[in-house]
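Single-letter residue listing:
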Amino acid sequence: MMAFEHEWNQRKRRKCVANNDLSNKKYKKKAESRELTLQDISSLSDEIHHLEEEIFKRDSLCADTYTLESLAMIETKLLNADLPSSSKENNTDGKEKEIDVINERLRSLEKLTGLIFIENSTEMLSKTEATMVLLRRMLGTCLRIPFAVEFEVKEEENVNSLLSSKDAECMEHRVVELTRLQVSVTDHLAEQELAQFLEKVQEDKSLQPFFFGLIQYAEGHSNRQRTFGHFKMKYPEIVHLTNTSTASQFMKLYNRNKPGLVFTIWWRLVIGESGHVTSDIQIHASAPMKHTDQRDKYSLLRSVPKQFHKVMPIIGIEQAIELVVGLVCG
């Protein structure tokens with residue numbers, strides 16, 4: 001009887017061991033399968049991210065190319081287009097089609113760039129047999145920044161009088177010259193930041209750099225305004241804007257309930273002669289004299305701006321500001 005029980009127990013132990021081995025194998029297999037699945041997901045995620053970056057770069061390049069080509073085309077059309085009253089009857093259909101093409105381009109530009117033309121008028125200042133001077137005015141907005149453009153165009157016809165009338169008609173062409181250009185924006189902050197750029201554009205009498213620069217500036221201006229407004233709504237007790245307006249270069253971070261450190265973020269938009277815009281973001285730290293004797297506060301005054309500029313290119317402006325807000329709240 002005892003031998004039978006011993007044998008029975010041995011069988012039970014062997015069965016338990018076998019079951020445990022089977023369970024371990026199944027668990028190991030599941031773990032390996034799970035690991036492979038996670039690796040596949042990670043690989044697919046990286047591939048999708050890579051494809052998204054390629055698509056974004058391609059679309060951005062296409063948009064920039066289209067925008068520049070469209071601006072160049074519109075500038076040419078604006079300089080060369082005749083007054084409606086001066087068009088010949090047999091060219092009316094062609095002119096209307098040309099105008100439709102320009103309007104379609106303008107609508108596309110509105111979607112891509114935020115440019116909206118509210119008024120586009122033409123006035124004849126003078127006309128002779130060979131020369132015509134036109135005055136053109138354009139009013140509009142670019143991402144809510146109002147702008148005005150006024151320029152004079154001088155058109156001269158060149159015909160070689162020694163040719164026959166038929167040949168002369170074929171050789172006839174116009175020389176178009178922009179003789180005066182005046183541009184302006186009516187947003188107070190934009191006026192300050194674009195002052196030198198607008199002077200250069202008027203001096204060079206070049207329309208395309210003006211529109212290209214205005215588009216880039218308006219995007220940066222909108223992004224800065226949106227960022228400041230976001231933090232003001234999220235941290236109303238911490239974020240303080242100049243004149244309680246988001247249309248500002250400055251944003252101060254301090255806690256009235258815990259007086260001490262004050263951080264000032266200075267966000268400027270710098271525009272070059274060609275119209276390219278870059279953001280210049282600085283942060284300054286200060287504290288009342290009674291707090292500067294404390295080593296930890298003094299250390300923060302020196303280290304935070306340095307660390308801010310170090311991490312901002314990596315994590316972005318919003319996350320960098322969040323870190324500073326965390327210091328103020330703490």
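See the structure shown above.
Residues numbered from 1 in each chain as written. Predicted model: local features only at pLDDT ≥ 70, side-chain atom pairs only at ≥ 80, totals over all residues. Heavy atoms only, no water.

**Student:** What is the right way to look at the overall build of the protein chain in this model?
**Tutor:** The helix and strand tally for the protein chain stands at seven helices and eight strands. Put simply, of all contacts in the protein chain between residues at least 6 apart along the chain, 52% involve residues at least 24 apart. Surface accessibility of the protein chain: about 22000 Å² in total, with carbon and sulfur atoms responsible for 54%. (Helix = DSSP H or I, 4+ residues; strand = E, 2+ residues; numbered from the N terminus. Contact = heavy atoms within 4.5 Å. Areas by Shrake-Rupley, 256 points an atom, 1.4 Å probe, with all protein chains shown as cover.)

**Student:** Is there a simple way to think about a nonpolar patch on the surface in this case?
**Tutor:** A cluster of nonpolar side chains, namely Ile-116, Ile-118 and Leu-139, defines an oily patch on the protein surface of about 270 Å² accessible area. Tracing the sequence through the fold places Leu-139 in strand S2 (residues 131–142). Residue Leu-139 is classed as partly exposed on the basis of its relative accessible area of 36%. (Patch = residues over 30% accessible without salt bridge, like charges linked within 9 Å, V, L, I, M, F, W, Y side chains within 5 Å. Salt bridge = Lys/Arg side-chain N within 4 Å of Asp/Glu carboxyl O. Buried < 20%, exposed > 50% of the residue type's maximum accessible area, 1.4 Å probe, protein only.)

**Student:** Got a minute to help me understand the nonpolar core in this structure?
**Tutor:** Most often, soluble globular proteins keep nonpolar side chains buried together rather than apart. In terms of nonpolar packing, the biggest core is built from 53 residues, with Phe-147, Val-149, Phe-210 and Leu-253 touching the most fellow members. The dominant element in this core, judged by the number of residues it contributes, is helix H5 (residues 207–234), at nine residues. With residues near it in sequence (within four places) discarded, Val-149 still touches Arg-136, Arg-137, Met-138, Leu-181, Gln-182, Val-183, Leu-207, Phe-210 and Phe-211. (Core = buried A, V, L, I, M, F, W, Y, C linked by side-chain atoms within 4.5 Å.)

**Student:** Any chance you could explain the sheet that holds strand S6 (residues 250–253) here in plain terms?
**Tutor:** Two pairing modes exist for strands in a sheet, parallel and antiparallel, and in both the strands are linked by backbone hydrogen bonds. With respect to topology, four strands assemble into an open sheet ordered S5-S6-S7-S8, the strand pairing being antiparallel. Across the chains shown, the open sheet's two edge strands, defined by having one partner strand only, are strand S5 (239–241) and strand S8 (277–286). Neighbouring strand axes in the sheet, compared pairwise and without regard to direction, differ in orientation by 20° on average. When strand S7 (residues 262–271) meets S8, the two strands line up antiparallel, connected through 10 bridges. When the bridges of S8 are listed, Phe-263 appears paired with Ala-285. Packing against the sheet, helix H7 (residues 317–329) makes contact with S6, S7 and S8, and its axis sits at approximately 35° to S6. (Pairing = 2+ DSSP bridges. Axes fitted to C-alpha atoms, helices over the stretch in contact; angles between N-to-C directions.)

**Student:** Mind showing me how you'd approach helix H4 (residues 188–204) here?
**Tutor:** Since the α-helix turns once every 3.6 residues, residues separated by three or four places project in the same direction. Look at H4: 24 Å from first C-alpha to last across 17 residues, which is about the 24 Å you get at 1.5 Å a residue. Remark: the principal bend of H4, roughly 65°, maps to Leu-194. Residues of H4 that are buried include every one of Leu-189, Ala-190, Glu-193, Leu-194, Phe-197, Leu-198 and Val-201, and no others. Here H4 starts with a cap whose side-chain oxygen sits 3.2 Å from the backbone nitrogen of Leu-189, and that cap is Asp-187. Positioned one or two residues after H4, Lys-205 has a phi angle of 55°, which is positive. (Expected span 1.5 Å × (residues − 1). Bend = angle between axes of the 7 residues up to and from the residue. Polar contact = N/O pair within 3.5 Å; in protein donor to acceptor, adjacent residues only side chain to side chain.)

**Student:** Help me understand the pattern of salt bridges, please; the structure alone is not making it clear to me.
**Tutor:** Charged atoms that come close allow side chains of opposite charge to pair. Applying the stated rule across the entire model yields nine salt bridges. With a closest N to O distance of 3.4 Å, Glu-123 and Arg-137 form a salt bridge. Taken as a pair, Glu-123 in strand S1 (residues 115–127) and Arg-137 in strand S2 lie far apart in primary sequence, 14 residues in all. A salt bridge links Asp-280 to Arg-268, with the nearest nitrogen and oxygen atoms 2.7 Å apart. Remark: Arg-268 occurs in strand S7 and Asp-280 occurs in strand S8; sequence separation between them is 12 residues. Among the residues examined, Asp-280 registers a relative accessible area of 22% and is labelled partly exposed. Among the charged side chains, a network of salt bridges with common partners joins Glu-123, Arg-137, Glu-150, Glu-152 and Arg-180.

**Student:** Can you help me understand the environment of Arg-256 in this one?
**Tutor:** Positionally, Arg-256 belongs in the loop between S6 and S7. Accessibility expressed as a relative area gives 56% for Arg-256, which makes it exposed.

**Student:** Looking at this structure, I do not really get the packing of aromatic side chains. What am I missing?
**Tutor:** Any aromatic ring pair is given by two values, namely how distant the centres are and how the planes are angled relative to each other. Scanning the model with the defined rule gives eight aromatic pairs in all. Seen from their ring centres, Phe-147 and Phe-210 are 6.3 Å apart, and the 65° between their planes marks the pair as edge-to-face. Here Phe-147, found in strand S3 (residues 145–158), pairs with Phe-210, found in helix H5; they are 63 residues apart in sequence, far enough to count as distant. For the pair formed by Phe-147 and Phe-210, the shared burial category is buried. On the basis of an interplanar angle of 85° and a centroid distance of 6.0 Å, the ring pair of Phe-147 and Phe-211 is categorised as edge-to-face. (Phe/Tyr/Trp six-rings, centres within 6.5 Å; stacked < 30°, edge-to-face > 60°.)

**Student:** Where do I start with H7 in this structure?
**Tutor:** The first and last C-alpha atoms of H7 sit 18 Å apart over 13 residues, in line with the 18 Å expected at 1.5 Å per residue. Taken as a whole, H7 has its buried residues at Ile-317, Ala-320, Ile-321, Glu-322, Val-324, Val-325 and Val-328.

**Student:** Explain unusual backbone geometry to me, please; I cannot follow it from the model alone.
**Tutor:** Where the residue is not glycine, phi is negative for most of them; where a peptide bond is considered, it is trans in most cases. Phi at Leu-143 is positive, roughly 50°, even though this residue is not glycine. Its location among the elements puts Leu-143 in the loop between S2 and S3. The backbone phi angle of Arg-144 is positive, close to 75°, even though this residue is not glycine. Relative to the helices and strands, Arg-144 is located in the loop between S2 and S3.

**Student:** Even after reading the chapter, I still don't get the pairing of S2, so can you show me in this structure?
**Tutor:** On a regular strand, each side chain points to the face opposite its neighbour's, so the side chains alternate between the two faces of the sheet. Extensive coverage of S2 is indicated by the burial of 10 of its 12 residues. Bridging between S1 and S2 involves 11 bridges; their strand directions are antiparallel. By the bridge assignment for S2, Lys-127 is matched with Met-132.

By themselves, these figures tell us nothing about what the structure is for.
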